[in-house]
Amino acid sequence: MTERQQLLGILGLIYLSECIRWVRRGGVVFNRAPDLRVWRKSPFLNNPRGDIHVGWPLPPFGEFVVARGLPFSLDSDGLVTATTANLHPDGPAPQPIQHLTWEECARITVDGERLLRDHKVFWLADTAAEAARLGSLLRTAAALPAPQREAWLETTTKGLFDVPTIRARWESSQAALKPLRFVGSALWTLMFLLLPLAVWQWGWTPPLWIGIPALFLGSFWIARRLHQLHAQWFPEARDDRFRLVLLAALSPVTAIRSAEVLMRPRLEEFHPAAVAMALLPRDRADTFCAQLWRELRHPRLPLPVSTDVGNRRLGRWHDRLLGALREAAIANGSDPDRWEAPPGKTDSAHARFCPRCHSQSTAAASLCSECGGIPLKEWPTETTNSAASSAAAASASLPDPPRPSASSPPSP
Ligand SMILES: [Zn+2]
């Protein structure tokens, strides 16, 4: 291998490493590579804390957006740092579960990706932008007078499923990122096509005299635009902004991927079901939302908390999420009752199915081991083999699984 080929190979490897994205568990990835697909778990590498995804490496590059909604269960008297939803199929990243009152939330501060309370780590977020947003949200709730908190909870839950806002933000972001993508694509073409061809034709010196200044000029322009958009979209994540802008200005390979880096946390605060409704074709969004709906309706056992207070906060948040998801689905033209229809039988010997994961088994089994022991259901007799039978009929066969208690909070 010649010296020129070695250099191009090293540059290519550095560039590919810039396409790798680490996503902490609980984030649902919408990755256009080159078609827009949704991933709850990486098809490549993962560990108990998160997954490694790969962004589309070729111009004009894809989109890489992570949606995760709220990782906490909120209630009128406080929160618990867990939910009944398992957005990652293997469960959330291991973090100590904490119960806080709103008074305690007033002391929350942010340091990079960490939320701190009394200088101790209280929650580790996926990105600095997420940590800044969560910190701001919790401090806002803590500052509210108690009687206003119920209305705030209502607005916050509905905001997670605000499909029109997601569509509008997506479109305005795409328009704002267009020049960044264009300059990024030009830098990619210069770095990986034009410069190697010129070096091969005329040797090192003439092409590098023109190519290197052009690469850094492009990088500086991208860094400047990155700074403007980041300050506009994530005003509180100052440290993160400084790091990203510095890296983009000093490294053309990093600058090329700046649009993707900016877009990643842009829809993070929304529930993945709502992002799917906004971005995916109707049939694919419906399949994805049906799965999330069933998992919310029938949470995996055991539940993440066992205390009375935690169980109540979990249960009330769970009910709010279900209500808001139902409302958003109906507004989007879907019918959540159909999402609970029994699956078609894959074998005539099957007598029961899991209402959560739709696995099927014979009459001998009564619990789904995959879902931690959720009671299986029997197919309603009049609609056997039909995937379109009603959810109401399906729920008549076996008792509902245990679910978090949503009793009223104690009076202040
Ligand atoms: Zn199951």
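Before going further, it helps to spend a moment on the packing of helix α5 (residues 163-202) against helix α6 (residues 205-233). Between α5 and α6, the least distance of the axes is 10 Å, while the angle of their chain directions is 165 degrees. On the basis of their axis angle, the class for α5 and α6 is roughly antiparallel. Judged by the sense of rotation from one axis to the other, the crossing of α5 with α6 is left-handed. Taken together, the residues of the contact of α5 with α6 break down into 20 nonpolar, five polar and one charged.

A few words now on the side chain of Thr 83. The topology assignment puts Thr 83 in the loop between β8 (78-80) and β9 (99-101). By relative accessible area, which is 17% here, Thr 83 ends up buried. In this structure the side chain of Thr 83 is engaged in a polar contact, spanning 3.3 Å, whose partner is the backbone nitrogen of Ala 85. With residues up to four places along the chain from it excluded, the contact list for Thr 83 reads Leu 70, Pro 71, Phe 72, Ser 73, Pro 304, Leu 314 and Trp 317.

The subject of this paragraph is the packing of helix α10 (residues 272-279) against helix α11 (residues 282-297). The axes of two packed helices give the description: the angle between them and the distance between them. Two numbers describe how α10 lies on α11: the axes approach to 9 Å, and their chain directions differ by 170 degrees. Taken together, the axes of α10 and α11 are roughly antiparallel relative to one another. Side by side, α10 and α11 meet where Pro 272, Ala 273, Ala 276 and Met 277 of the first sit next to Ala 285, Phe 288, Cys 289 and Leu 292 of the second. Residue composition of the contact of α10 with α11, by class: eight nonpolar, no polar and no charged.

Calculation rules
- Residues numbered from 1 in each chain as written.
- Predicted model: local features only at pLDDT ≥ 70, side-chain atom pairs only at ≥ 80, totals over all residues.
- Heavy atoms only, no water.
- Axes fitted to C-alpha atoms, helices over the stretch in contact; angles between N-to-C directions.
- Helix = DSSP H or I, 4+ residues; strand = E, 2+ residues; numbered from the N terminus.
- Parallel < 35°, antiparallel > 145°, perpendicular 65-115°, else oblique.
- Left-handed = near helix turned anticlockwise from the far one by under 90°.
- Nonpolar A, V, L, I, M, F, W, Y, C, P; charged D, E, K, R; others polar.
- Buried < 20%, exposed > 50% of the residue type's maximum accessible area, 1.4 Å probe, protein only.
- Polar contact = N/O pair within 3.5 Å; in protein donor to acceptor, adjacent residues only side chain to side chain.
- Contact = heavy atoms within 4.5 Å.

Spatial relationships are all this shows, so hold off on functional conclusions.
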